[in-house]
Amino acid sequence: GEDVEQSLFLSVREGDSSVINCTYTDSSSTYLYWYKQEPGAGLQLLTYIFSNMDMKQDQRLTVLLNKKDKHLSLRIADTQTGDSAIYFCAERVSNTGKLIFGQGTTLQVKP
Amino acid sequence: DTEVTQTPKHLVMGMTNKKSLKCEQHMGHRAMYWYKQKAKKPPELMFVYSYEKLSINESVPSRFSPECPNSSLLNLHLHALQPEDSALYLCASSQDASSNYGYTFGSGTRLTVV
């Protein structure tokens, strides 16, 4: 079955880069997603990547995909205190609309 | 309008009460979802509606009853809940169930069952 794994916690200093990692199991996944959840809020879609891409960049966010190793990463450049949140990676189960989420990585940004 | 609106934001209910959670979107999306999220855990899918028809029920107990009255509205009717049902209930929508562009989530209803 599908499974998505992430490390649970990452602490960085303001201005540094953050790298959040994720591994997934479903080799048929065509799209992979990164969501951000701030305390007490819903989930905000940050970015997504199609499985035939290796990299996608969107302003301070860079997504890297290693399809062979089923490894996805999200790099946040010049991390700010407002980036403190839980970050979820997710894969979509083909043709069902169902998203499988990882456990979430709590990003703590120290001033 | 690019939002999913959920009401109420907070709900406290007793185990014998009947209440409903509401979700609304006006983006023309034809797939809508209910997710349950416990503290410090990822969201877990409960139901998927596609073109107003229930397409996925993830073996959710019958004390949760979804309803999709039209393409813009999604309800979750609650009856005889247990304290362990206390959680954040998230509604989401997407263009359709095979859309690749991810969901738009609402901000959730925080439910406490006493």
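Residues numbered from 1 in each chain as written. Chains lettered and ligands numbered in written order. Predicted model: local features only at pLDDT ≥ 70, side-chain atom pairs only at ≥ 80, totals over all residues. Heavy atoms only, no water.

1. Things to note about the side chain of Ser-18 of chain A
Residues and elements named next belong to chain A. Filter applied, for reference: Only runs of H or I of at least four residues qualify as helices and only runs of E of at least two qualify as strands under DSSP, and these elements are numbered from the N terminus. Working definition: with a 1.4 Å probe on protein chains only, accessible area under 20% of the residue-type maximum means buried, over 50% means exposed, and in between means partly exposed. For the purposes of these results, a polar contact is taken to be a pair of N or O atoms within 3.5 Å, where, inside protein, one atom must be able to donate a hydrogen and its partner to accept one; residues adjacent in sequence count only when each atom of the pair is a side-chain atom. Contact between two residues is taken to exist if any of their heavy atoms lie within 4.5 Å; hydrogens are not considered.
By the secondary structure assignment, Ser-18 is in strand β3 (residues 18–24). Residue Ser-18 is classed as buried on the basis of its relative accessible area, which comes to 1%. A polar contact of 2.8 Å, which involves the side chain of Ser-18, links it to the side chain of Thr-79. Ignoring sequence-local partners within four residues, the contact set of Ser-18 consists of Leu-10, Val-12, Leu-74, Arg-75, Ile-76, Thr-79 and Leu-107.

2. As for the sheet that holds strand β3 (residues 18–25) of chain B
Residue and element names in this part refer to chain B. Stated formally: Any two strands with at least two DSSP-identified bridges between them are counted as paired. Axis angles are defined between N-to-C directions and span 0 to 180 degrees, where every axis is a line fitted to C-alpha atoms and, for a helix, only to the segment in contact.
With respect to topology, four strands assemble into an open sheet ordered β1-β3-β8-β7, the strand pairing being antiparallel. Looking at the sheet topology across the chains shown, the edges are occupied by β1 (4–7) and β7 (64–70). Going across the sheet, the axis of each strand differs from the next one's by a mean of 20°, ignoring polarity. Across seven bridges, β3 lies against strand β8 (residues 73–79) in antiparallel orientation. If you follow Glu-24 over to β8, its bridge partner there is Leu-73.

3. What about the interface of chain A and chain B?
Put simply, the test is: Throughout, the accessible surface (probe 1.4 Å) given up by two parts as they are put together, summed over both, is called the buried area. Take a side-chain nitrogen of Lys or Arg and a carboxyl oxygen of Asp or Glu: if they are within 4 Å of each other, that pair is a salt bridge.
On the side of chain B, 23 residues touch chain A, which itself brings 21 residues to the contact. Here chain A and chain B share an interface that buries about 1700 Å² over both sides, 54% of which is from carbon and sulfur atoms. A per-residue breakdown of the area chain A buries against chain B is headed by Leu-43, Lys-98 and Phe-101 of chain A, which together make up 25% of the total. Inspection of the region where chain A meets chain B yields one salt bridge. Put simply, Lys-98 of chain A and Glu-58 of chain B hold a salt bridge, and the shortest N to O gap is 2.8 Å.

4. With respect to the state of the cysteines
All names here are of chain B. Selection rule: Criterion for a disulfide: a pair of cysteine sulfur atoms within 2.5 Å.
A complete count under the given rule lists two disulfides over all chains for this structure. Here Cys-23 pairs with Cys-91 through a disulfide, and the sulfurs are 1.9 Å apart. The disulfide joining Cys-23 to Cys-91 has a torsion of about -70° about its S-S bond and is therefore left-handed. Placement of the pair is Cys-23 in strand β3 and Cys-91 in strand β9 (residues 87–94), with a sequence separation of 68 residues. With respect to burial, Cys-23 and Cys-91 carry one shared label: buried.

5. Observations regarding the pairing of strand β7 (residues 61–66) of chain A
On a regular strand, one side chain projects to one face of the sheet and the next to the other, so that they alternate. Residue and element names in this part refer to chain A. In this sheet, β7 lies alongside strand β6 (residues 55–58) in antiparallel orientation, the contact comprising four bridges. Across the sheet, Gln-57 pairs through a bridge with Thr-62, a residue of β7. Taken together, β6 and the strand that follows it, β7, pair antiparallel across an intervening segment of two residues, in which Gln-59 is found at a positive phi of about 55°. In this structure, β7 lies alongside strand β8 (residues 71–76), joined through six bridges in antiparallel fashion.

6. Here we look at the sheet that holds β8 of chain A
Residues and elements named next belong to chain A. Read across the sheet, five strands follow the order β1-β3-β8-β7-β6 without closing on themselves; strand pairing throughout is antiparallel. Every other strand in the sheet has two partners, leaving β1 (4–6) and β6 as the edge strands with one partner each. For this sheet, the mean inter-axis angle between neighbouring strands, taken without regard to orientation, is 15°. Of the strand pairs in this sheet, β1 and β3 are connected by three bridges, and their pairing is antiparallel.

7. Focus: the pattern of salt bridges
This model, assessed by the stated rule, comprises seven salt bridges over all chains. Lys-68 of chain A is the partner of Asp-69 of chain A in a salt bridge, and the nearest nitrogen-oxygen pair spans 3.7 Å. Overall, Asp-69 of chain A belongs to the partly exposed group, its relative accessible area being 46%. In this structure, the salt-bridge partner of Arg-30 of chain B is Glu-52 of chain B, at a minimum N-O distance of 2.6 Å. Taken as a pair, Arg-30 of chain B in the loop between β3 and β4 (31–37) and Glu-52 of chain B in the loop between β5 (44–50) and β6 (53–57) lie far apart in primary sequence, 22 residues in all. In this structure Glu-52 of chain B comes out as partly exposed when scored by relative accessible area, which is 33%. If you follow the salt bridges from partner to partner, you end up with Lys-36, Arg-63 and Asp-85 of chain B in one network.

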